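Residue strings, one per chain:
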Amino acid sequence: MRAILIINGVDFTPWLRSGGLQQTEIARQRRSVVALDGTAYRAEIIKRGLSVGLIDMKDTDWRRMLEALHSRPVQAQYMDDRMGEAAKAFYVTGPTAAAQAVRGGHTYFTGGSFELEEK
């Protein structure tokens, strides 16, 4: 299974660092009831969360990725652990990176990361 991450038409896949695409389950609308006989009944809605980490990159590449994350929620295509290839809408949290060095008229950024939470 090949990792895929395309957000609003921009392919983030080549910029993913090793271990840079982590998936989690987010439980929403969790409810539980205990019946008179002591039996617990639970229900919840599971949504997908993605944690994205990127390799070092030039300023032009980082700006292109920020532009793709600008219109929210974003439309993302990715390889889901359970369902295979999926396309869903996600909310974006905290795109961050640190300017590492300036060389040849370009600023290089390190530690690029952000979180996605399914709408």
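Remember, it's a predicted structure, so these values are computed and weren't measured experimentally. (Residues numbered from 1 in each chain as written. Predicted model: local features only at pLDDT ≥ 70, side-chain atom pairs only at ≥ 80, totals over all residues. Heavy atoms only, no water.)

**Student:** How should I be thinking about the environment of Arg103 in this particular structure?
**Tutor:** Among the secondary structure elements, Arg103 is positioned in strand β7 (residues 84-103). With a relative accessible area of 49%, Arg103 lands in the partly exposed category. Separated by 45 residues in sequence, Arg103 and Lys58 place their C-alpha atoms 9.6 Å apart. (Helix = DSSP H or I, 4+ residues; strand = E, 2+ residues; numbered from the N terminus. Buried < 20%, exposed > 50% of the residue type's maximum accessible area, 1.4 Å probe, protein only.)

**Student:** Any chance you could explain the pattern of salt bridges here in plain terms?
**Tutor:** Between side chains of opposite charge, pairing is possible as soon as their charged atoms come close. Scanning the entire structure with this criterion turns up eight salt bridges. The residue Glu25 makes a salt bridge to Arg82 at a minimum N-O spacing of 2.7 Å. Note that Glu25 is positioned in strand β3 (residues 16-34) and Arg82 in the loop between β6 (74-80) and β7, a separation of 57 residues in sequence. For Arg82, a relative accessible area of 63% corresponds to the exposed category. Linking Arg48 and Asp80 is a salt bridge whose minimum nitrogen-to-oxygen distance equals 3.0 Å. With a gap of 32 residues between them, Arg48 in strand β4 (residues 40-54) and Asp80 in strand β6 connect regions that are remote in the sequence. Within the structure, one salt-bridge network assembled from shared partners comprises Lys47, Lys88 and Glu118. (Salt bridge = Lys/Arg side-chain N within 4 Å of Asp/Glu carboxyl O.)

What is shown is where atoms sit, not what they do.
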